[in-house]
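Summary of structural features
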Amino acid sequence: MTTYRKPHKDKKVLVAMSGGVDSSVAALLLQREGWTTAGITMCLGVTTAEGDARCCGPDAIEGAKRVC
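Residues numbered from 1 in each chain as written. Predicted model: local features only at pLDDT ≥ 70, side-chain atom pairs only at ≥ 80, totals over all residues. Heavy atoms only, no water.

**Re the environment of Ala64**
Applied cut-off: The numbering of helices and of strands both runs from the N terminus, where a helix is a DSSP run of H or I of at least 4 residues and a strand a run of E of at least 2. Partly exposed residues are those whose accessible area sits between 20% and 50% of the maximum for their type, while under 20% is buried and over 50% is exposed, using a 1.4 Å probe and protein chains only. In what follows, residue pairs with any heavy atoms lying within 4.5 Å of each other are defined as contacts.
Along the chain, the position of Ala64 falls in helix H2 (residues 58-67). Classification of Ala64 as buried rests on a relative accessible area of 2%. If we skip the residues at most four places from it in the chain, Ala64 touches Met17, Ser18, Gly19 and Thr41.

**Structural notes on the pairing of strand S1 (residues 12-16)**
Rules: Strand pairing is assigned whenever DSSP identifies at least 2 bridges connecting the two strands.
Across 5 bridges, S1 lies against strand S2 (residues 36-40) in parallel orientation. Pairing of Ala16 across the sheet is with Ile40, part of S2.

The values reported here are purely geometric and, on their own, carry no functional implication.
Encoded structure:
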């Protein structure tokens, strides 16, 4: 059974969103606990030898955007 707590008055949290399950669930749980949540993601420009984004490509960023 899920219990929801009172909102944390004037408390805000910024969640680093990778577009994956862990950060998405963390944001959801914080929100359910009454926190005002905002998500942020960034691309550090890490690429493979072929020039493809290795860790933060357009798909991951779009996934994080959808969750937020």
